[in-house]
Amino acid sequence: MVMGEPSSRHPDDAIERDGPRAIYLQVAERLAAEVRYRHVPGDRLPPEPELAERFGVNRHTLRHAIDLLEVQGVLERRRGLGTFVLDPPLAYPLHAQARFSDNLAAAGRASTGRLLGAQCEPAEREVAQALKLAEGNTVWRLTTLREVEAAPVSVIEHWLPLGPFPGLAAAYQGGSLHALLTSRYGVQPVRRSTAIAATLPLAAVARQLRMAPQHPVLRLRTINYDTATGRPFEYAVSSIRADRLELVIDHEDIPHG
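Reading guide: rules and limits
- Residues numbered from 1 in each chain as written.
- Predicted model: local features only at pLDDT ≥ 70, side-chain atom pairs only at ≥ 80, totals over all residues.
- Heavy atoms only, no water.
- Pairing = 2+ DSSP bridges.
- Helix = DSSP H or I, 4+ residues; strand = E, 2+ residues; numbered from the N terminus.
- Axes fitted to C-alpha atoms, helices over the stretch in contact; angles between N-to-C directions.
- Contact = heavy atoms within 4.5 Å.
- Salt bridge = Lys/Arg side-chain N within 4 Å of Asp/Glu carboxyl O.
- Buried < 20%, exposed > 50% of the residue type's maximum accessible area, 1.4 Å probe, protein only.
- Parallel < 35°, antiparallel > 145°, perpendicular 65-115°, else oblique.
- Left-handed = near helix turned anticlockwise from the far one by under 90°.
- Nonpolar A, V, L, I, M, F, W, Y, C, P; charged D, E, K, R; others polar.
- Polar contact = N/O pair within 3.5 Å; in protein donor to acceptor, adjacent residues only side chain to side chain.
- pLDDT = per-residue confidence, 0-100.
- Phe/Tyr/Trp six-rings, centres within 6.5 Å; stacked < 30°, edge-to-face > 60°.
- Lys NZ or Arg CZ within 6 Å of the ring centre and 35° of its normal.
- Core = buried A, V, L, I, M, F, W, Y, C linked by side-chain atoms within 4.5 Å.

**With respect to the sheet that holds strand 6 (residues 151–161)**
Spatially, six strands are ordered 4-5-6-9-8-7 in an open sheet, and the strand pairing comes out antiparallel. Strands with a single pairing partner mark the edges of an open sheet, and in this sheet they are strand 4 (111–122) and strand 7 (189–199). The sheet shows a mean angle of 20° between the axes of neighbouring strands, taken without regard to direction. Pairing of strand 8 (residues 217–226) with strand 9 (residues 231–241) involves ten bridges; the strand directions are antiparallel. Paired with Thr-222 across the strands is Ala-236, a residue of strand 9. Contacting strand 5 (138–148), strand 6, strand 7, strand 8 and strand 9, helix 7 (residues 177–185) crosses the sheet at an angle of about 160° to strand 9.

See below:
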């Protein structure tokens, strides 16, 4: 027996107490199987003391198992409410014409874009290089929150040149930013490049996404061009909950046969 673990266990508990595999990993596997066969997305799991007793482990081991399933996108803790079963990640096609609202609508899911902040600021080097501007030129910076059926999935920082978009901060109040840029300013957007990395979220981003700060996000750095002018019109940095969206990249240029 592992020191510190309760000696009693549920009759269906097949956990090997003296085996080579960590107990929390075995608990996570059995809890994931229980979620798969007995629960549907949105269900709330029994309280942690009850689960700990069921598996015959202490609370620390159970929390470790739930932490792992949170990272894997199976479960989500909600402060003051309990632990809930999550939907599987949504497939999000990433291609040259990809738009958040259109992609989710095609999947039959309701999505919203909410403006969190808008301001003008001098372009730092990374932004200036992406937008082909001189460093220090004034740019728009918009921060948006994207939600799918009221659940936050991404926080996006958008930088756009100031000159082509007069009154942008007042004009954009939510929804699809690209749809507004097309209808109001005539932009014909196309994604030119996307760099993807896994990183830990900033504290503010973790709060906005309602996630634990020790869980990683997908960080996308995207440069969008206006096909009408041939120039970049937007540099965006997205922090995406990896348990909510799964990026799908199509390689249409691969020869067939």
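**So, the pattern of salt bridges**
Under the criterion given, the structure shown has 18 salt bridges. With a closest N to O distance of 3.0 Å, Glu-76 and Arg-241 form a salt bridge. Placement of Glu-76 in strand 1 (residues 75–78) and of Arg-241 in strand 9 is noted, with a sequence separation of 165 residues between them. A relative accessible area of 5% places Glu-76 in the buried class. Connected via shared salt-bridge partners are Glu-48, Arg-59, Arg-63, Asp-67, Glu-70 and Arg-77.

**Thoughts on the packing of helix 1 (residues 23–38) against helix 2 (residues 48–55)**
Two elements in contact, helix 1 and helix 2, have axes whose closest approach is 12 Å; the angle formed by their N-to-C orientations is 110°. In terms of their interaxial angle, helix 1 and helix 2 are classed as roughly perpendicular. Between helix 1 and helix 2 the crossing geometry is right-handed. From helix 1, Val-27, Arg-30, Leu-31 and Glu-34 reach across to helix 2, where they touch Leu-51, Arg-54 and Phe-55. Here the residues of the contact of helix 1 with helix 2 are counted per class, giving four nonpolar, no polar and three charged.

**Section: the side chain of Glu-234**
With respect to the helices and strands, the residue Glu-234 is situated in strand 9. Side-chain polar atoms of Glu-234 contact the side chain of His-178, separated by 2.7 Å. A polar atom in the side chain of Glu-234 sits 2.7 Å from the side chain of Asn-224. When neighbours within four sequence positions are excluded, Glu-234 is seen to be in contact with Leu-131, His-158, Trp-159, Leu-160, Leu-177, His-178, Thr-222, Ile-223 and Asn-224.

**Section: the confidence of the model for the protein chain**
Detail in the predicted coordinates should be disregarded across regions flagged by low pLDDT. Looking at the protein chain, the pLDDT average stands at 85 and 86% of residues meet or exceed 70. The secondary structure element of the protein chain with the lowest average pLDDT is helix 4 (residues 100–106), at 64, and the one with the highest is helix 5 (residues 125–131), at 97. Residue range residues 1–13 is modelled with pLDDT below 50. Its contacts to residues more than four positions away, or to other chains, number 27 contacts.

**Concerning the packing of aromatic side chains**
This structure, assessed with the given rule, holds two aromatic pairs. Measuring from centroid to centroid gives 5.2 Å for Phe-165 and Tyr-185, while their planes differ by 90°, and the two rings are edge-to-face. Linking Phe-165 in the loop between strand 6 and helix 6 (168–171) with Tyr-185 in helix 7, this pair joins segments that are 20 residues apart in sequence. Note on accessibility: Phe-165 and Tyr-185 belong to one class, buried. The aromatic ring of Phe-84 is capped on one face by Arg-78, whose charged end is 4.3 Å from the ring centroid. Over the ring of Tyr-225 we find Arg-192, and its NZ or CZ is 3.8 Å from the ring centre.

**Details of the pairing of strand 3 (residues 90–94)**
Burial along strand 3 is one-sided: the residues Leu-90, Tyr-92 and Leu-94 are buried and none of Ala-91 and Pro-93 is. Relative to strand 10 (residues 245–249), strand 3 runs parallel, the two sharing five bridges. Across the sheet, the residue bridging to Leu-94 is Ile-249, located in strand 10.

**Quick look at the nonpolar core**
Grouped together as the largest cluster of nonpolar side chains are 18 residues, with contacts concentrated most on Val-27, Leu-31, Leu-45, Phe-55, Leu-62 and Leu-75. Where this core is concerned, the elements lending two or more residues are helix 1, helix 2 and helix 3 (59–71). Among the elements that take part in this core, helix 1 stands out by supplying six residues, more than any other. Not counting residues up to four positions away in its chain, the partners in contact with Leu-31 are Leu-45, Leu-51, Phe-55, Ile-66, Leu-69 and Leu-75.

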